[in-house]
Structures are given as structure tokens and as C-alpha cells.
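Chains, contacts and geometry: an overview
These are the residues of each chain, in order.
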Amino acid sequence: MEYQEAKEKFISTWGSLGSLWGINKAMAQIQSLLFISTKPLSMEEIMEELKISRGNTSMNLRQLMDWGIVTKELIPGKRKEFFTTEKDVQELARHIAKERSRREIKPVIKILKDVSSIKDDGTAKTKELIKQTKALHDLAETADTMMNRIVSQDQNWLTKSLLKFIK
């Protein structure tokens, strides 16, 4: 496989996997292109490479910056904006985990807490709703706490722990 084919295959595959970490295909493709790029890219370069519209590129770059995994970079003497992404895979995973917790898990935990805290009217159905939503709340909160502890640790600790687990 030559470079161009391998690059296209990587970008396409990463784009398809984007939904697993909570982003759309175009966002994942932009991030993957920046990830393997040897230099920051302009919006026009991204659009040309991925064959996507300016609006789609702009919107997805903004969302990637909101996630904290893409940043603008100023290049002296150039008027265009250039973009780059986190190159450290472990740091990238940490950003994604933290952002998913903030955007997805914490709101669910809050709703489960609210629902499981309703007034118990003594009926079986209310007791069951409280019991089950409290159990889900506790599970989600524990999982979120564990994930936050893992992503907050020094990346060397994380790597060593995962490698021990895999072996």
C-alpha cells in the first residue's frame, strides 16, 4: 500500500470510528487529517484534502476546538488561520474522555439523581422507579469517578497500567 492509499484508508476508518467517541464523521476525518499532518493546515487545505464544504469544515473545526483537541496556530507572515491537533495519543484520549464525561455522563447523572429523588408516595411503581434510577445513578457516578481518576493520572502510569492489564 502506498502513502496516499494508506492515508485515505486511515482518514476514512477514523471517520467511521468517530461515532464511538461521540463525534460525527467529518469531525473525525478533520481530526485524523490534522493528526497525521506534519504541519498545521489551513481551512482551505482541509477542505481540499477531504472534499468537504467551507461551512462543514468551519463548523467541525469550531466543535473540535470546543472539545479542546484542535487549536488554531498563527504562522508569522500568513493571514490565514491554521489548525493543529494533539499529537500525543494518550493525551488525546484523556481530552476525549473528559469531554464525553462533561457533555454526556454528567447530565445523565444529574437527571438520574433528580428522578431518583422524587417523593415516595408509597406505591410499588414509585418505589421501583426510585430504586432502579438510584441504582443507575450510583453506577453512572461510580463509572464517571473511575474514568476521571484514570484520565487525571500521569500518562506514564496509565500506559504502564494498561500494558500490565493487556499482558
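Small disclaimer: the values here were computed from a predicted structure and weren't measured.

1. Notes on the packing of helix α3 (residues 43–50) against helix α4 (residues 54–67)
- Where α3 meets α4, the axes come as close as 10 Å, and the angle between the chain directions of the two elements is 115°. Crossing of α3 over α4 shows right-handed handedness. Facing α3, whose interface residues are M43, E44, I46 and M47, α4 presents R54, T57, S58 and L61.
- Here the residues of the contact of α3 with α4 are counted per class, giving four nonpolar, two polar and two charged.

2. Describing the domain arrangement of the protein chain
- Each domain of the protein chain was delimited in the assignment, giving domain 1 (3–85) and domain 2 (89–166).
- Its C-alpha centre places domain 1 at a distance of 30 Å from the equivalent point of domain 2.
- The interface of domain 1 with domain 2 comprises nine residues on the first partner and eight residues on the second.
- For the pair domain 1 and domain 2, the summed buried surface comes to about 810 Å²; carbon and sulfur atoms form 68% of the total.

3. A look at the UniProt feature "domain: HTH marR-type" (unreviewed entry) in the protein chain
- In the numbering used here, UniProt assigns the "domain: HTH marR-type" (unreviewed entry) feature to residues 28–79.
- In the segment residues 28–79, helix accounts for 60% and strand for 12%; the C-alpha atoms at its two ends are 26 Å apart.

4. Digging into the packing of aromatic side chains
- Within the structure shown, the criterion is met by one aromatic pair.
- The interplanar angle of 25° and the centroid separation of 5.8 Å between the aromatic rings of F10 and W14 together place this pair among those described as stacked. In this pair, F10 and W14 are both assigned in helix α1 (residues 3–17), four residues apart and thus about one turn of the helix distant.
- The exposure class assigned to F10 is partly exposed, which follows from its relative accessible area of 28%.
- What makes W14 partly exposed here is its relative accessible area of 24%.

5. Overview of α4
- Along its 14 residues, α4 runs 20 Å from first to last C-alpha, staying within 8% of the 20 Å computed at 1.5 Å per residue.
- Of all the residues in α4, the buried ones are T57, N60, L61, L64 and W67. Along the axis of α4, the buried residues cluster in a sector spanning 115°; they form a single face.
- Those residues of α4 hidden inside the fold are in contact with α2 (25–36), α3, β2 (70–73), β3 (82–85) and α5 (89–116).
- At the exit of α4 stands G68, carrying a positive phi of roughly 85°.

6. Some details on the packing of α2 against α4
- Two elements in contact, α2 and α4, have axes whose closest approach is 9 Å; the angle formed by their N-to-C orientations is 75°. As summarised for this structure, α2 and α4 are arranged roughly perpendicular, according to the angle between their axes. Contact with α2, carried on its side by A26, M27, I30, Q31 and L34, involves N56, T57, N60, L61, Q63, L64 and W67 of α4 and no other residues of that element.
- Across the contact of α2 with α4, the residue classes tally to seven nonpolar, five polar and no charged.

7. Notes on the pattern of salt bridges
- A full pass over the atoms with the stated rule returns twelve salt bridges.
- Across the pair K110 and D114 runs a salt bridge, and its minimum N-O distance is 3.0 Å. Within this pair, K110 and its partner D114 are both found in helix α5, separated by four residues, close to a single helical turn.
- With a relative accessible area of 53%, K110 lands in the exposed category.
- One salt bridge connects K134 with D138, and the closest N-O pair in it is separated by 3.1 Å. Residue K134 and its partner D138 are located together in helix α6 (residues 124–152), separated by four residues, close to a single helical turn.
- For K134, a relative accessible area of 42% corresponds to the partly exposed category.

Thresholds, definitions, all that
Residues numbered from 1 in each chain as written. Predicted model: local features only at pLDDT ≥ 70, side-chain atom pairs only at ≥ 80, totals over all residues. Heavy atoms only, no water. Axes fitted to C-alpha atoms, helices over the stretch in contact; angles between N-to-C directions. Helix = DSSP H or I, 4+ residues; strand = E, 2+ residues; numbered from the N terminus. Left-handed = near helix turned anticlockwise from the far one by under 90°. Contact = heavy atoms within 4.5 Å. Nonpolar A, V, L, I, M, F, W, Y, C, P; charged D, E, K, R; others polar. Domains from an automatic or database assignment. Buried area = accessible area lost by both parts, 1.4 Å probe. UniProt positions renumbered as here; feature names shortened; annotations may be inferred. Phe/Tyr/Trp six-rings, centres within 6.5 Å; stacked < 30°, edge-to-face > 60°. Buried < 20%, exposed > 50% of the residue type's maximum accessible area, 1.4 Å probe, protein only. Expected span 1.5 Å × (residues − 1). Arc of directions from axis to C-beta. Parallel < 35°, antiparallel > 145°, perpendicular 65-115°, else oblique. Salt bridge = Lys/Arg side-chain N within 4 Å of Asp/Glu carboxyl O.

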